[in-house]
Amino acid sequence: MTDPGQTETAARHTFATAAKSAAGYLDQAANSHGREKIEMVLSALARTATDTPHLVEIGPGGGAALQHLTDSLTGTTDRPRTLDVTLIEAPGIISQTLARAIDRYNAADLGTCTLTNGLAQEIGTLLHHPVDIVAASALMHEVYSYGSGYRGIHELMQALPTVLTPNGHFAYRDVRTVDAATLHETATHIYTHRAWLQFVRMFTPQYLRDGLHPYHRSGDDPTVLQNSRRTSLENIDPRTSAVITGPIGLFREIQRHYITFRDYAWRSGALGILPHLDGQHSADWTDAAAGHKRVHFTLTDAKWISPRQRELLKSVSEPYADHYVTDGDIFDECTDAAIIELLTNAENGNEQCAAVWQEWIEREGHETYVYLTLSELLTEFAITSAEANTGTVMMPRTARDVATPERAYYTRYLQKRLPNPLPDGKQLVLFTNTPVHDTEAITAGVEALRPLCSRAAMAQLHSALTQMM
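Residues numbered from 1 in each chain as written. Predicted model: local features only at pLDDT ≥ 70, side-chain atom pairs only at ≥ 80, totals over all residues. Heavy atoms only, no water.

This paragraph deals with the overall build of the protein chain. What the protein chain contains, in helices and strands, is 19 helices and 17 strands. On C-alpha atoms alone, the protein chain measures out to a radius of gyration of 23 Å, which is about the 23 Å that the 2.2 N^0.38 rule sets for 469 residues. Along the longest, intermediate and shortest principal axes, the C-alpha atoms of the protein chain span 65 × 55 × 40 Å. Of the contacts formed within the protein chain by residues at least 6 apart in sequence, a portion of 81% connects residues at least 24 apart. Accessible surface, the protein chain: about 19,900 Å² in total, of which carbon and sulfur atoms supply 50%. Charge-centre separation for the protein chain: the mean point of 39 positive side chains lies 5 Å from the mean point of 55 negative side chains. (Helix = DSSP H or I, 4+ residues; strand = E, 2+ residues; numbered from the N terminus. Rg over C-alpha atoms; globule rule 2.2 N^0.38 Å. Contact = heavy atoms within 4.5 Å. Areas by Shrake-Rupley, 256 points an atom, 1.4 Å probe, with all protein chains shown as cover. Lys, Arg positive; Asp, Glu negative; His and termini not counted. Charge placed at Lys NZ, Arg CZ, Asp CG, Glu CD.)

A few words on the pairing of strand 11 (residues 284-287). Judged from the three bridges that link them, strand 11 and strand 12 (residues 292-299) form a sheet pairing that is antiparallel. Across the sheet, Asp287 pairs through a bridge with His292, a residue of strand 12. Linking strand 11 back to strand 12 in an antiparallel pair, the connection comprises four residues, with Gly291 at a positive phi of about 75 degrees. (Pairing = 2+ DSSP bridges.)

Bringing the nonpolar core into the picture now. Membership of the largest hydrophobic core comes to 60 residues, with the highest contact counts inside it found for Tyr191, Ile244, Leu342 and Trp357. For this core, the elements supplying multiple residues, two or more each, are strand 6 (186-191), helix 11 (194-210), strand 9 (242-247), helix 12 (248-268), strand 12, helix 14 (328-347), helix 15 (351-365) and helix 17 (408-417). With residues up to four places along the chain from it excluded, the contact list for Tyr191 reads Trp196, Leu197, Val200, Ser241, Ala242, Ile244, Phe251, Ile254 and Leu418. In terms of nonpolar packing, the next biggest core, distinct from the first, is built from 49 residues, Ala136, Val143, Tyr144 and Leu374 among them. (Core = buried A, V, L, I, M, F, W, Y, C linked by side-chain atoms within 4.5 Å. Buried < 20%, exposed > 50% of the residue type's maximum accessible area, 1.4 Å probe, protein only.)

Turning to helix 12, a few remarks are in order. Given 3.6 residues per helical turn, the α-helix brings residues three or four places apart onto the same face. With 21 residues, helix 12 should reach 30 Å at 1.5 Å per residue; the first-to-last C-alpha distance of 30 Å fits that figure. Counting buried residues along helix 12, 19 of its 21 residues qualify, which places the element largely inside the surrounding structure. Positive backbone phi, at 80 degrees, marks Gly269, one or two positions downstream of helix 12. (Expected span 1.5 Å × (residues − 1).)

Take the pattern of salt bridges next. Within the structure shown, the criterion is met by 16 salt bridges. The residue Arg47 makes a salt bridge to Asp401 at a minimum N-O spacing of 2.5 Å. On the criterion of sequence distance, the pair formed by Arg47 in helix 5 (residues 39-47) and Asp401 in the loop between strand 15 (392-395) and strand 16 (402-403) is long-range, its members being 354 residues apart. We classify Arg47 as partly exposed; its relative accessible area is 36%. Residues participating in the shared-partner salt-bridge network are Arg256, Arg407 and Asp424. (Salt bridge = Lys/Arg side-chain N within 4 Å of Asp/Glu carboxyl O.)

Another point: the sheet that holds strand 7 (residues 223-226). The pairing of strands in a sheet happens through backbone hydrogen bonds and is either parallel or antiparallel. The strand order across the open sheet built from four strands is 6-9-7-8, with neighbouring strands paired in antiparallel fashion. Edge positions in the sheet fall to strand 6 and strand 8 (229-231), since each of these pairs with one other strand and no more. The sheet shows a mean angle of 30 degrees between the axes of neighbouring strands, direction not considered. Note that strand 6 and strand 9 share six bridges and pair antiparallel. Across the sheet, the residue bridging to Ile190 is Val243, located in strand 9. (Axes fitted to C-alpha atoms, helices over the stretch in contact; angles between N-to-C directions.)

For the rest of this paragraph, the subject is the environment of Arg81. Tracing the backbone shows Arg81 in the loop between helix 6 (64-74) and strand 2 (84-89). Note on Arg81: relative accessible area 28%, which makes it partly exposed. Setting aside chain neighbours within four positions, we find Arg81 in contact with Leu45, Thr48, Ala49, Thr50, Asp51 and Pro53.

This part takes up the packing of aromatic side chains. Summed over the entire model, instances satisfying the criterion amount to 21 aromatic pairs. Members of the aromatic cluster, each reached through a chain of ring pairs, are Trp196, Phe199, Phe203, Tyr207, Tyr258, Phe261, Trp357, Trp360 and Tyr413. We note Arg262 situated over the ring of Tyr413; from NZ or CZ to the ring centre the distance is 4.0 Å. (Phe/Tyr/Trp six-rings, centres within 6.5 Å; stacked < 30°, edge-to-face > 60°. Lys NZ or Arg CZ within 6 Å of the ring centre and 35° of its normal.)

What follows concerns the confidence of the model for the protein chain. Looking at the protein chain as a whole, its pLDDT mean stands at 88, while 92% of the residues score no less than 70. In the model, residues 1-12 has pLDDT below 50 throughout and makes 19 contacts with residues more than four positions away in sequence or in other chains. Overall, residues 23-31 carries pLDDT values under 50, and its contacts beyond four positions in sequence, including any with other chains, amount to 29 contacts. (pLDDT = per-residue confidence, 0-100.)

Across the interface, helix 18 (residues 439-449) lies against helix 19 (residues 455-468) with an axial gap of 11 Å and an inter-helix angle of 165 degrees. As summarised for this structure, helix 18 and helix 19 are arranged roughly antiparallel, according to the angle between their axes. Where helix 18 crosses over helix 19, the handedness of that crossing is right-handed. Taking contact as the criterion, the partners of Ile442, Val446 and Leu449 in helix 18 are, on helix 19, Met458, Leu461, His462 and Leu465. By residue class, the composition of the contact of helix 18 with helix 19 is six nonpolar, one polar and no charged. (Parallel < 35°, antiparallel > 145°, perpendicular 65-115°, else oblique. Left-handed = near helix turned anticlockwise from the far one by under 90°. Nonpolar A, V, L, I, M, F, W, Y, C, P; charged D, E, K, R; others polar.)

Before going further, it helps to examine helix 14. Taking 1.5 Å of rise per residue, 20 residues should cover 28 Å, and helix 14 covers 28 Å from first to last C-alpha, within 8% of that figure. Structurally, the start of helix 14 carries an N-cap: the backbone nitrogen of Asp329 is 2.9 Å from a side-chain oxygen of Asp327. The positive-phi residue at the C-terminal boundary of helix 14 is Gly349, with phi of around 100 degrees. (Polar contact = N/O pair within 3.5 Å; in protein donor to acceptor, adjacent residues only side chain to side chain.)

So, about the pairing of strand 9. With three bridges connecting them, strand 7 and strand 9 associate as antiparallel partners. Bridge pairing in strand 9 links Val224 to Ile244.

This is the structure we're talking about:
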């Protein structure tokens, strides 16, 4: 069912093509974690018996997944098959690193790799014959935010089984959802850090007003208490702790968006510090399991950063070749102090700082990152795909087809900033386009779903499967 107000909001906010194609976004910011992006793809390939498998990646971004796929296939001594790859990118999106990744794949004699443009939910019109594997990363929130909300997601769920061969696979990776029965479940979160309080005050009202999101129920309206008195989100005093009660999904949005804003502010150079987020210096771990690392960075010429902040950071850092390095916890402290300055200046009318904030809002500030719980995602995929009348159901086949890897660095940071942070990580799911007449496979899929889905969801799934048989 389409959320109230979705059509009007979608009309106001179209896909930020120019912002998402800007140099430094797809070629840098969205071009990481390639190994994780192809983890389920490699599992799918191992189960595919086709002589020349066909892989389709939706939203290849800067080509990180394709680069790691190339590395994985060229690093294998026994490659009896070629793999043809089709990349589907939104119209108008351009990435130079993706173009280079395509050339490298084709030069490696692994098969063919071609790029086409179109929308994810229209995949049925873009492919002319069934394929063996479809892969995507962080796709659903783009479809949700710019493709008519849940309707866009359901259109994609119904389209996928029509373009996959029987027993074909959909390898999906996204931000981990909340551990709750529903995103509307009421929770209370406490914010004590000034940078986060300022961000909540500036981000949350515009997100609830302008973003495409599901929080329209009467019980979703957040309440804010400061000094035991009720106030509004817009009037939060960032110098005083705030107790906010609202839907748990909204707190997930606040947490994820703060992280993406911090990353954007880093990469823009607006904070006066530019950490090495990619390459060999990005993983200089002191304790990888604990998420503790050393951060390599260079200083930028952001004029509005106070000399005191710049000198403080230099005093707690060490020169390293042509840049500096410091403890990650110290760097996080300096980053949040710089964010306080940036947001304060933006609110006080500084044009440069306001421009940084507005550019991020346009690019990512309206997007909804979490739209379904894991239980809802798995069962709605199964039920909605069944409604495509292809005689197949999209579901994981084994327990190994669902993974929720932690992101230790972000978890460490969040635990130091928030009294009750939500778990941070990714969720990887390998869906199989399972024929309904394959009783053994259907039974295995149901058993894989049982510990992950609610009883109500499993009852809905059983009802849908019964109608198909």
